[in-house]
Structure formats: C-alpha cells, structure tokens
Amino acid sequence: MKRFACGDVIPGCNATFTAADEAGIFAQAVPHAAAEHGIDEVTPELEATVRSLISTV
Ligand SMILES: [Zn+2]
C-alpha cells in the first residue's frame with residue numbers, strides 16, 4: 001500500500017490518503033487539493049513533490 005499525508009505539502013492539513021499504488025493516491029489527493037486548498041492545477045513540480053513524499057506502508 002502507498003500512503004501520502006497532505007500535511008507534508010500543506011502545513012496544517014490532517015488529510016491522509018492510502019491506496020494500492022501512486023495513481024490511486026493522486027486520484028484521491030487531486031480532488032482534495034482542489035476542494036480544500038484551491039489547487040486547480042497539479043504542476044509537474046507539485047506532482048514530483050507529492051511523488052517524493054508518498055511512502056510505502
Ligand atoms: Zn490537504
């Protein structure tokens with residue numbers, strides 16, 4: 001399983017996501033970022049940052 005904590009990118013956010021693979025993480029995190037943080041576009045830089053912070057659990 002993969003795990004990502006939104007708070008690693010957005011300080012103060014308590015949302016965490018778990019999924020079978022990285023694609024599953026993005027499928028949850030992208031709508032969350034748009035709805036909760038007003039991030040309408042996931043730039044390549046942001047995607048790389050998130051990818052680097054995804055841990056295997
Ligand atoms: Zn968040």
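Everything numeric here is computed off the predicted structure, so don't read it as measured data.

Calculation notes
Residues numbered from 1 in each chain as written. Predicted model: local features only at pLDDT ≥ 70, side-chain atom pairs only at ≥ 80, totals over all residues. Heavy atoms only, no water. Donors = N, O, S within 2.8 Å, 3.2 Å for Na, K, Ca; no water. Helix = DSSP H or I, 4+ residues; strand = E, 2+ residues; numbered from the N terminus. Buried < 20%, exposed > 50% of the residue type's maximum accessible area, 1.4 Å probe, protein only. Contact = heavy atoms within 4.5 Å. Core = buried A, V, L, I, M, F, W, Y, C linked by side-chain atoms within 4.5 Å.

### Describing the coordination of the zinc ion
Stage number 1. Looking at the zinc ion, one finds its protein donor set to be C6 (SG), C13 (SG), H32 (NE2) and H37 (NE2), positioned 2.0 to 2.2 Å from the metal centre.
Stage number 2. Along the chain, the residues that donate to the zinc ion are spaced as C-x6-C-x18-H-x4-H. Of this pair, C6 sits in the loop between β1 (2–5) and β2 (16–19) while H32 sits in helix α1 (residues 22–37), placing them 26 residues apart in sequence. For the pair C6 and H32, one class covers both residues: buried.

### A short note on the environment of L53
Stage number 1. Here L53 is to be found in helix α2 (residues 44–53).
Stage number 2. Those residues in contact with L53, other than ones at most four positions away along the chain, are R3, F4, D8 and V9.

### Considering the nonpolar core
Stage number 1. Counting 12 residues, the largest nonpolar core consists of F4, C6, C13, A15, F17, A19, I25, F26, A29, L46, V50 and I54.
Stage number 2. If one sorts the elements of this core by residue count, α1 sits on top with 3 residues.
Stage number 3. When sequence neighbours within four positions are dropped, the list of residues in contact with C6 reads C13, A15, F17, H32 and H37.

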